[in-house]
Amino acid sequence: MRGRGRSAWRPVILTAVLVFLYLPLALVALYSFSESKVAGVMKGFTWDWYAKLTRDGAMGQALRTSLRVAGLSCLVSVPLATLGAIGLAARQSRKARFAKLAGGVRGLVEGVTVLPVMLPEVVLGMSLMAAFSMAGARFGIWTLVTAHTTFCVPYVYLIVKSRLAGLDPQLTEAARDLGAGPARAFWDVTLPLILPAIFSGTLLAVAMSFDDVIISMFVNGAQSTTLPLKIYSSLRAGVTPEINALCTIILGVVCLAVALSQLLRNDKKRGGKPDETDNV
Amino acid sequence: MGSGLLREGWDAAIPLLELFDIRKDFGEGDVLRGVSLTVEPGEFLTLLGPSGCGKTTLLRVIAGLETPEAGRVLLEGRDITALPPEKRGVNTVFQNYALFPHMNVQRNIAYGLRLRGEKRAAIREQVERMLRLVRLEGYGRRMPSQLSGGQRQRVAIARAVALKPALLLLDEPLGALDLQLRRAMQLELKRIQKDLGVAFVYVTHDQEEAINMSDRIAVMRAGRVEQLGTPEEIYERPATRFAARFIGQTNLIPAEVVEASGHGELTLRAAGVTVPACGGAAVGDKVSVCVRMERVRCGAARPDGFALRARLAETRYAGGFLRSTLEVEGGLTLEAIGQDALGSRVGEECFVWWDPALAPVVPAEDAA
């Protein structure tokens, strides 16, 4: 009976949580279509603020910077993280005698790789800024790209790694058995099978880079303001309907990227380890 | 179709595959503890043993997927111990088939041929021939996920034999199939092996499979080959208690040799009775007499020669035959199986005997 009482509350709690999470987002989207100049007042329906955005040169500049940073940091972080995941997965099958030591080293390397996910962003941003100024780097797009690469690597690494771990090792062995060298077996079998995970990781990295504020704040330069930073600074003049419109667009893009990323990751049926469903 | 697919040019005097004292351990105790054996061209050799006996590891050593710590692997007289799998010219049918999930059936079968750089037309022709061989004509464009277990099995075989290897390795290929399909595939595999004239090294833990299909069986236990011989040899002359138990259903009677004729005829003392048997043993040796259950005879009338007094304790129907428990004088218990009732009713006194020539002795203790 207790179980039944609990399950009656479940939809209520779920609804409350979802409303709490998504109502503010929904309001921002709603107000972006309001004719009123005052943000937070709903009156009529208009596309004006979106139209106005497209004519705003500074916003366009910030958008270009954001896209460039996201693109470049993916270009570096995706191959880096993918190679790392493959390398660490391959190490597992080495000599048994040193298994314990190798296991320890692998654990350490992996811990260090994924640490940026757990670190407070303020700390990461601060230390990156300190490091860049000590190295005498000019703050601008390249410091942004470097910083974003740092926090994008773990996400891609984790996704690719989990896909690799789910891959049947007999598949590469079968390729070797049929005459493929190690590189060829990787190219023909492993790569096509982990490609969805790589795409998924890339999309997640783009989303992470595109909406980052805190770390970017520490390492950006005068000429390299990303879109979220631009929004943040314009907020000092109060929330305008244009900002609502912009946030709505960003929200849409990020949601799309994350949804696509999930979709690719769920494509797990192919090449997984055989399981109970594998029967006749 | 056979002769066209046969590999030509080997010297009949050289065995196809020779293994010398293969040793392998994974850090936690030995997996292979000195295995030596040979495979002749066109032979069907089965590695039979319980799980963990090292049979799959031995197969992987032959395939080049594991490197042995010691020992040598020779293929057609050539030392391939250090060669990677892609340079060995040996192909494997994996336990879970390991079909490439992102390639259709044709591309799976063609994969090795493409790597070899063969002409498109030749590849297409060979793929068609392989599909015919495994009776999957018209399935070329299916993806592996659209096939049943038995069909995947056939594709895996087609893919492995498409390269015309002289030696095919099969790792429990029928393990995932249900009994009915397994029986059908046994015949199918045997037919394919005959058609192609390929030598098979076949790993299984199923004694029925081993007996039905093999030219020779290597019974493996704890990283060693316990006995190597034809199914008949192993059945009629098991070398150890383990081999006697693993193949067929058998009574093992602990006994001591009291008389040896020199022609292999033995008289033994076992649990208060004297029994005859055959085999090479000296007076005073502790042995086990191996009496196959279907060779235990029983009747109300005393036959000429050797017989023991017994009581029929129990009879059970065991699907097509009857299985009986006999309590023999002196405290021995024997199991017997037969097509019909033993001629006595449960609880009745009777006589039990067997043909001594069909009751070999094995050492009482198996080596560790």
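These numbers come from a predicted model, not from an experiment.

Student: Go over the nonpolar core with me, naming the residues and quoting the values.
Tutor: Judged by nonpolar contacts, the single largest core of 107 residues is most densely connected at L47, F100, I109 and L167 of chain B. Sorting elements by how many residues they give to this core places helix 6 (residues 141–165) of chain A first, with 10 residues. For I109 of chain B, the contacting residues outside a window of four places in its chain are V127, M130, L131, V155, A158, R159 and A162 of chain B. Membership of the second largest hydrophobic core comes to 28 residues, among which are V257, A270, A281 and A359 of chain B.

Student: Any details on the pattern of salt bridges? Residues and values, ideally.
Tutor: Going through the model one piece at a time under the given rule, you end up with 29 salt bridges over all chains. Note that R182 of chain B and E209 of chain B form a salt bridge whose closest N and O atoms lie 3.8 Å from each other. Of this pair, R182 of chain B sits in helix 6 (residues 179–196) while E209 of chain B sits in helix 7 (residues 207–213), and the two are 27 residues apart along the sequence. A single burial state applies to R182 of chain B and to E209 of chain B, both of which are buried. Ionic pairing is found between K286 of chain B and E256 of chain B, a salt bridge with its closest N-O pair at 3.4 Å. One end of the pair, K286 of chain B, is in strand 14 (residues 286–292); the other, E256 of chain B, is in strand 11 (residues 250–260), and 30 residues separate them in sequence. Taking relative accessible area as the criterion, E256 of chain B reaches 32% and is therefore assigned partly exposed. One continuous salt-bridge network, built from bridges that share partners, spans E173 of chain A together with K24, R60, E66 and E69 of chain B.

Student: Could you give me a rundown of the confidence of the model for chain A, with the residues and numbers involved?
Tutor: All names here are of chain A. In this model, chain A carries an average pLDDT of 83, and 88% of its residues clear a pLDDT of 70 or more. Across chain A, element-level confidence peaks in helix 7 (residues 169–177) with a mean pLDDT of 94 and bottoms out in helix 4 (residues 99–118) with 77. Of the regions scoring below 50 in pLDDT, residues 268–280 engages in 28 contacts with residues more than four places distant in sequence or in other chains.

Student: Explain the sheet that holds strand 6 (residues 90–93) of chain B residue by residue, including any values.
Tutor: Sheets are built from strands paired through backbone hydrogen bonds, the pairs being either parallel or antiparallel. Residues and elements named next belong to chain B. Across the sheet, which stays open at both edges, the 6 strands sit in the order 6-7-8-3-9-10 with mixed pairing between neighbours. Strands with a single pairing partner mark the edges of an open sheet, and in this sheet they are strand 6 and strand 10 (224–229). For this sheet the average axis-to-axis angle between neighbouring strands, irrespective of direction, equals 20°. In this sheet, strand 7 (residues 167–171) lies alongside strand 6 in parallel orientation, the contact comprising 4 bridges. Residue pairing across strands places V93 opposite L170, the latter belonging to strand 7. In the packing of helix 2 (residues 55–63) onto the sheet, contacts are made with strand 3 (44–48), strand 6, strand 7, strand 8 (199–204) and strand 9 (216–221), and the angle to strand 7 comes to roughly 150°.

Student: How would you sum up the sheet that holds strand 11 of chain B? Please name residues and give values.
Tutor: Residue and element names in this part refer to chain B. Pairing is antiparallel in the open sheet, where 5 strands are placed in the order 13-12-11-14-20. Looking at which strands have only one partner, the edges of the open sheet turn out to be strand 13 (273–278) and strand 20 (361–363). Across the sheet, the mean angle from the axis of one strand to that of its neighbour is 50°, orientation sign disregarded. Pairing geometry for strand 14 and strand 20, over 3 bridges, is antiparallel. By the bridge assignment, V289 is partnered in strand 20 with V361.

Student: Got a sec to walk through the interface of chain B and chain A? Specific residues and values, please.
Tutor: The interface of chain B with chain A comprises 35 residues on the first partner and 25 residues on the second. Put simply, chain B and chain A have 2 salt bridges between them. The partner of R60 of chain B in a salt bridge is E173 of chain A, with the nearest N and O atoms 2.7 Å apart. Inspection of the region where chain B meets chain A yields 6 residue pairs in polar contact (both at pLDDT 80 or more).

Rules used in this analysis
- Residues numbered from 1 in each chain as written.
- Chains lettered and ligands numbered in written order.
- Predicted model: local features only at pLDDT ≥ 70, side-chain atom pairs only at ≥ 80, totals over all residues.
- Heavy atoms only, no water.
- Core = buried A, V, L, I, M, F, W, Y, C linked by side-chain atoms within 4.5 Å.
- Buried < 20%, exposed > 50% of the residue type's maximum accessible area, 1.4 Å probe, protein only.
- Helix = DSSP H or I, 4+ residues; strand = E, 2+ residues; numbered from the N terminus.
- Contact = heavy atoms within 4.5 Å.
- Salt bridge = Lys/Arg side-chain N within 4 Å of Asp/Glu carboxyl O.
- pLDDT = per-residue confidence, 0-100.
- Pairing = 2+ DSSP bridges.
- Axes fitted to C-alpha atoms, helices over the stretch in contact; angles between N-to-C directions.
- Polar contact = N/O pair within 3.5 Å; in protein donor to acceptor, adjacent residues only side chain to side chain.

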